[in-house]
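Examination of the molecular architecture
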Amino acid sequence: MSVSPSPSPGIKASNLWRTYGANSTAVLALQGADLSVSRGEILAVTGPSGSGKTTLLNCLAGLDSANDGTIDVLGTNVHQLDYEEAVEWRRQNLAIVFQDSGLFPYLSAWENVEIALRLRGIDRSTRNSAATHALQRLGLGEHGDHRPAELSGGQQQRVAIARALACPPKVLIADEPTAQLDLQTSQLVLDELRHAVHTNDVTIIMTTHDPMAKARADRSVQLVDGRVFDKGTT
Ligand code: ADP
Ligand code: MG
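Anyway, here's the lowdown on the structure attached to this text. (Residues numbered from 1 in each chain as written. Chains lettered and ligands numbered in written order. Predicted model: local features only at pLDDT ≥ 70, side-chain atom pairs only at ≥ 80, totals over all residues. Heavy atoms only, no water.)

1. Quick word on the site of ligand 1
- Every residue close to ligand 1 is listed here: Y20, V27, A29, P48, S49, G50, S51, G52, K53, T54 and T55.
- Contacts to ligand 1 include S51, whose backbone N or O atom sits 3.2 Å from an oxygen atom.
- Alone, ligand 1 offers 560 Å² of accessible surface; in the complex the protein occludes 58% of this.
- Of all the secondary-structure elements, those providing two or more residues to the shell around ligand 1 are strand 2 (27-37) and helix 1 (53-60).
- The leading source of residues in the shell around ligand 1 is helix 1, at three residues.
- Looking at side-chain class alone, the shell around ligand 1 contains four nonpolar, six polar and one charged residues. (Near = heavy atom within 4 Å. Polar contact = N/O pair within 3.5 Å; in protein donor to acceptor, adjacent residues only side chain to side chain. Areas by Shrake-Rupley, 256 points an atom, 1.4 Å probe, with all protein chains shown as cover. Helix = DSSP H or I, 4+ residues; strand = E, 2+ residues; numbered from the N terminus. Nonpolar A, V, L, I, M, F, W, Y, C, P; charged D, E, K, R; others polar.)

Right, dumping it as structure tokens:
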């Protein structure tokens, strides 16, 4: 009897609960959130401020722990990893673009991208060209020598995206990646995300308030009060 291979797992989160604080001051950030993203899919997560979007992404990345529920990313049960294993697993599989760009302030834009490649063990000549190429693709070819403080918020955000994509991850987790960008640069970033999916089969989950980002995703879901509502394909 032949057994057909199961589809490649992307991200599957089931019944996630996350409470901050206790008793009368407790905040229920996630209240039974369910979510899945197929391999090579771009999922947009929308929802009002405070609805739990960042908490959800942090849990998926293993940076925060849900109080209850399960998270499977690429076949790995994220919650069962200890600290060291989670660090290594993230290094091998994930890139994360935080809401604030998370760049090292004393490094130039180019160095910020290059150091991420170094941490992935990529050889010097490959990382030199990959860092330059990634910045160019995001329209930052002229800004490689600039430190974050010398760049606008939107430029910093694009450096963070260049850093995330310079060595394509298996999964990209991006928290409002176009929030500080004008229409044209938003298009550029969304083009780059799509390019990463096409060329490297990257699986992407991004939170967004941006109607264009939502429209360009394969699918969108809405988070309301820590629960996910699936609104079907966009
Ligand atoms: P969003 O990203 O959708 O704006 P968040 O996930 O940041 O929402 O926050 C969801 C809720 O959890 C909010 O009420 C927020 O104040 C609360 N929250 C998030 N992180 C923490 C934390 N570290 N400590 C206490 N409350 C938090
Ligand atoms: Mg947020």
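2. Here we look at the sheet that holds strand 1 (residues 11-20)
- If you walk across this open sheet you meet the four strands as 2-1-4-5, and the pairing is antiparallel. At either end of the open sheet lies a strand with only one pairing partner, and these are strand 2 and strand 5 (76-77).
- Sheet analysis places strand 1 next to strand 2, joined by eight bridges and oriented antiparallel. Its bridge partner being in strand 2, T19 is matched across the sheet by L28.
- Along the sheet, helix 1 makes contact with strand 1, strand 2 and strand 4 (68-73), crossing strand 2 at roughly 60°. (Pairing = 2+ DSSP bridges. Contact = heavy atoms within 4.5 Å. Axes fitted to C-alpha atoms, helices over the stretch in contact; angles between N-to-C directions.)

3. Observations regarding the coordination of the magnesium ion (ligand 2)
- For the magnesium ion (ligand 2), every protein donor is listed as T54 (OG1) and Q99 (OE1), and the spread of their distances is 2.1 to 2.8 Å. Highlighted residues: T54 in helix 1 and Q99 in the loop between strand 6 (94-97) and helix 3 (109-119), separated in sequence by 45 residues.
- Since its relative accessible area comes to 37%, Q99 is described here as partly exposed. (Donors = N, O, S within 2.8 Å, 3.2 Å for Na, K, Ca; no water. Buried < 20%, exposed > 50% of the residue type's maximum accessible area, 1.4 Å probe, protein only.)

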